[in-house]
Amino acid sequence: MDLGVRWKLHGDGRTPAPGAVVRPDERLSWPRTAGLGAQHVVAMFGASFVAPVLMGLDPNLAIMMSGVATMVFLLATRGRVPSYLGCSLSFVGVAAVIRADGGSSATVTGAVLVVGVALFLAGLAVQRFGARIIHAAMPPVVTGAVVMLIGFNLAPVTATTYWPQDQWTALLVMLFTGLAVVCLRGFWSRIAIFLGLVFGYGLSWALDRIFGTIHSVDGSGKVTDHWRLDLSAVGQADWIGLPSVHAPSFEWSAILVALPVVIALIAENAGHVKAVGEMTGDPLDDKLGTAISADGVGSVLSTAVGGPPTTTYSENIGVMAATRVYSTAAYWAAACFALLFGLCPKFGAVVAAIPGGVLGGITVILYGMIGLLGAQIWINAEVDLRNPLNLVPAAAGIIIGVGNVSLEITDTFSLSGIALGTVVVITGYHALRAFAPAHLKQQRPLLDEGTSTYDESGSQRASS
C-alpha cells in the first residue's frame, strides 16, 4: 500500500530549476528538506501556541500533538495533500464560553473531541455523497454567518479578561501587530501574529525594568501589584520531559456550544484542499472527504489526551506558495520538529508566561479577523444580502451569537450564544427557504466550480 512516504529526488536535490516546482512526491536533499520543515514550524508556531494559551491548555502538548496529527493526515491522504495540522483557533471562543460556565480543561477537550468525531463523520459523508452535500446543508450565507458569530462572540474575552491587565501594553501590541500584518511582505507577513507576541514579550520585560510592577487585575481576575512578565516558572521547568495530559469529560451543555464550529472547519478544510490542488496542479477533489475525516481524527487524538483540536493551516500553505516546494517530506520534517518541541517543558513555561496585556493586543486583531473570515466567505460566494432569505437568518443568528442571547428550554437546559446563534442561522435559513418564492432561492455554491463539478464527473465515470 502506497502511504506517500517515498520521494524522488528533485533534480540535483539543491535548487529547483527556474519556474520548476517540487511536487508532493519529490524532495530536495535531506538537509534542505529539514530546513524547509523548520520553516514550516516557524510559520505555524505563532497560532499554534497562541491557541492553547487562550484555551487554557498545555502548549507543549499542543505542539507535540500537532506533529502527531500532521503525520496522521499525511498518511491518510497518501501524501497527496501537503498540509500542516496546527492548533485550531476556531475553538477559542468555545473554550471561553465553557470555562465561563464553570467548565474545566477536561470539559473543554471533551466537547471538542465530539466535534472531531462529527468532522470525521462529515468527511465520510463527503466521500460517499460528494461535495454537493456541503452546499446542500451549509450554503455560503449559513457558513459565513456561523464563522462570523464565532469570531465576534470572543469580543468580551478581550475586553474583560486580557485588555484590563495592562491596557497600554495591549494598545502598543495591537498597533505593532497591525503594522506588521499590513506593511510586511512575504513570509514575514505570515507570522505577523508571532512577531506581535515577541514584541509584546520584550516590551513587557522592558516596562517591568523601567517602571516596576503594575497595579491591575492579574490572570485570576484579582487586582494586585504584579509583574507584567513573570518568568519564575521558566527557571523551575525541566529541559526534557513529557507534557501534562488529562482525560476528557463530556457534558451536553459544553458539547452543544462546541458543535457549531464543525461548520467552520468543513469550510476551512474545503478551501485549503482546493488551494493546495491549484498550486500543485493536481486536482484533489477526490481527497476532500479524506482530508476532512483525517482532520477529525487528528483532533480526536489530540483532545483524547488533553490537547487542543487541530486544523489545516493557511500559514503553511503560504510558505509553499512562496517557496514553490510542495514536498510532503518537508511536512514530515516539520512534524518531527514539533514532537521534539513538545518534549521541552521549559519551552512550554516560556509560552505560558506571555503577559495578559500582550494577549489583549493580539486578540483584538485576531478575534476580529476570525469573525471577518465569515464576511470573506460571503464576498467570495457573492452572497446577496439584499435577498431577505439570506439577510434575515444571518442577521438574527449573528446578533444572538455576539450578544450571547440565551433561550431557557427547561430548568436545567438552555441554549445561548454560539450554539443558539448557529441553530437560528441553519434552521431559520432552511425553514424560510421552504416557503420562499423561487426567485429568492438562487444561490452560489460554497465551493467553486472545480470542486462542485467533481460530483458530476465522478458520477459520469461511475456510470460509464
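In case you missed it, the structure is sitting above this.
Model, not experiment: these values are computed from the prediction.

Draft legend 1. Geometry of the overall build of the protein chain. Helix and strand counts for the protein chain come out as 21 helices and eight strands. In the protein chain, buried positions account for 54% of the 464 residues. Carbon together with sulfur atoms contributes 65% to the accessible area of the protein chain, which is approximately 20,000 Å² in total.

Draft legend 2. Looking closely at the pattern of salt bridges. Taken as a whole and judged by the stated rule, the model has five salt bridges. Residues Asp-166 and Arg-228 are paired through a salt bridge, measuring 3.2 Å at the closest nitrogen-oxygen approach. On the criterion of sequence distance, the pair formed by Asp-166 in the loop between α7 (155–162) and α8 (167–183) and Arg-228 in the loop between β5 (223–226) and α11 (232–236) is long-range, its members being 62 residues apart. Overall, the relative accessible area of 7% leaves Asp-166 in the buried class. On the accessibility criterion, Arg-228 (14% relative accessible area) is buried.

Draft legend 3. Quick peek at the nonpolar core. Membership of the largest hydrophobic core comes to 102 residues, with the highest contact counts inside it found for Leu-197, Ile-266, Leu-288, Ile-354, Tyr-367 and Trp-378. Those residues in contact with Ile-266 that lie beyond four places of it in its chain are Leu-119, Ala-122, Ile-134, Met-138 and Ile-292.

Draft legend 4. Main features of a nonpolar patch on the surface. A surface patch of nonpolar side chains, about 310 Å² in accessible area, is lined by Val-117, Phe-120, Leu-121 and Leu-124. One can find Val-117 in helix α4 (residues 105–129). The class of Val-117 is partly exposed, set by a relative accessible area of 36%.

Draft legend 5. View of the packing of aromatic side chains. By the definition in use, this model includes two aromatic pairs. On the basis of an interplanar angle of 85° and a centroid distance of 6.0 Å, the ring pair of Trp-7 and Trp-30 is categorised as edge-to-face. Placement of Trp-7 in the segment before β1 (8–9) and of Trp-30 in helix α1 (residues 30–55) is noted, with a sequence separation of 23 residues between them. On the basis of relative accessible area, Trp-30 is assigned to the partly exposed category, the value being 44%. Taking the centre distance of 4.2 Å and the plane angle of 5° together, the rings of Phe-176 and Phe-199 count as stacked.

Draft legend 6. Up close: the side chain of Thr-328. Within the fold, Thr-328 resides in helix α16 (residues 328–342). Reaching out from Thr-328, the side chain makes a polar contact with the side chain of Trp-7 at a distance of 2.8 Å. A distance of 3.1 Å separates a polar side-chain atom of Thr-328 from the backbone oxygen of Pro-24. Look past the residues within four positions of Thr-328 in its chain and what remains in contact with it is Gly-4, Trp-7, Pro-24, Leu-74, Gly-79 and Pro-82.

Draft legend 7. A look at the side chain of Thr-33. On the secondary structure map, Thr-33 appears in helix α1. Taking relative accessible area as the criterion, Thr-33 reaches 2% and is therefore assigned buried. A distance of 3.1 Å separates a polar side-chain atom of Thr-33 from the backbone oxygen of Leu-28. When residues no more than four places from it in sequence are discounted, the contact partners of Thr-33 are Arg-27, Leu-28, Ala-329, Ala-330 and Ala-333.

Draft legend 8. Region of the structure containing the environment of Cys-87. Take Cys-87: it is sitting in strand β3 (residues 85–87). Placed 225 residues apart in sequence, Cys-87 and Thr-312 show a C-alpha to C-alpha distance of 8.6 Å.

Draft legend 9. Looking closely at the packing of α4 against helix α14 (residues 288–304). Where α4 meets α14, the axes come as close as 7 Å, and the angle between the chain directions of the two elements is 160°. For the element pair α4 / α14, the angle class is roughly antiparallel. The handedness of the crossing between α4 and α14 is left-handed. Of α14, the residues touching α4 (which contributes Thr-109, Val-112, Leu-113, Gly-116, Val-117, Leu-119, Phe-120, Ala-122, Gly-123, Leu-124, Val-126 and Gln-127) are Leu-288, Gly-289, Thr-290, Ile-292, Ser-293, Asp-295, Gly-296, Val-297, Ser-299, Val-300, Thr-303 and Ala-304. The residue makeup of the contact of α4 with α14, split by class, is 13 nonpolar, 10 polar and one charged.

Draft legend 10. Examining α14 more closely. The end-to-end C-alpha distance of α14, which contains 17 residues, comes to 24 Å, matching closely the 24 Å that a straight helix rising 1.5 Å per residue would cover. Burial analysis of α14 places 13 of its 17 residues in the buried class, the great majority of the element. Gly-306 occupies a position one or two residues after α14 and carries a positive phi of about 105°.

Draft legend 11. Up close: the packing of α7 against helix α18 (residues 356–380). Packing of α7 against α18 leaves a shortest axis separation of 9 Å and a crossing angle of 165°. In terms of their interaxial angle, α7 and α18 are classed as roughly antiparallel. As for how α7 packs across α18, the hand of that crossing is left-handed. Between α7 and α18, the contacting residues are Val-157, Thr-158 and Tyr-162 on the first element and Gly-356, Gly-357, Leu-359, Gly-360, Thr-363, Val-364 and Tyr-367 on the second.

Cut-offs used in this document
- Each chain carries its own residue numbering, running from 1 in the direction its sequence is written.
- Note on the predicted model: pLDDT of at least 70 is required for a residue's local features to be given, and 80 or more for side-chain atom pairs to be given and counted; whole-chain, interface and lining totals, by contrast, use all residues.
- By convention in this description, side-chain values take in all heavy atoms of the structure and omit both hydrogens and water.
- To qualify as a helix, a DSSP run of H or I must reach at least 4 residues; to qualify as a strand, a run of E must reach at least 2; elements of each kind are numbered from the N terminus.
- Remark: exposure states derive from per-residue accessible area (1.4 Å probe, protein chains only) relative to the maximum for the residue type, with buried under 20%, exposed over 50%, and partly exposed in between.
- The protein chains shown are the only cover counted for residues, whose accessible areas, like all others here, come from Shrake-Rupley with a 1.4 Å probe.
- Basic side-chain nitrogens of Lys or Arg form a salt bridge, by our definition, when they fall within 4 Å of a carboxyl oxygen of Asp or Glu.
- Nonpolar cores are built from buried Ala, Val, Leu, Ile, Met, Phe, Trp, Tyr and Cys residues. Side-chain atoms within 4.5 Å join them into one set.
- Every residue pair with non-hydrogen atoms within 4.5 Å of one another is taken to be in contact.
- A patch consists of residues whose relative accessible area exceeds 30% and which take part in no salt bridge; residues with like charges are grouped when within 9 Å of each other, and nonpolar side chains (Val, Leu, Ile, Met, Phe, Trp, Tyr) when within 5 Å.
- Aromatic rings from Phe, Tyr and Trp, taking only the six-membered ring of Trp, are treated as a pair when their centres fall within 6.5 Å; an angle between ring planes under 30 degrees marks them as stacked, one over 60 as edge-to-face, and anything in between as tilted.
- Counting of polar contacts relies on pairs of N or O atoms within 3.5 Å, with two restrictions inside protein: one atom must be capable of donating a hydrogen and the other of accepting it, and residues adjacent in sequence are counted only when both atoms are side-chain atoms.
- Note on geometry: axes are lines fitted to C-alpha atoms, helical ones only across the stretch in contact, with angles between N-to-C directions running from 0 to 180 degrees.
- Any angle from 65 to 115 degrees is called roughly perpendicular, while one under 35 is roughly parallel, one over 145 is roughly antiparallel, and all others are oblique.
- Left-handed describes a crossing whose near helix is turned anticlockwise from the far helix through less than a right angle; right-handed describes the clockwise counterpart.
- Polarity classes work like this: nonpolar for Ala, Val, Leu, Ile, Met, Phe, Trp, Tyr, Cys and Pro, charged for Asp, Glu, Lys and Arg, and polar for all others, with Gly in that last group.
- Between the first and last residue of a helix there are one fewer steps than residues, each counted as 1.5 Å, and that sum is the expected span.

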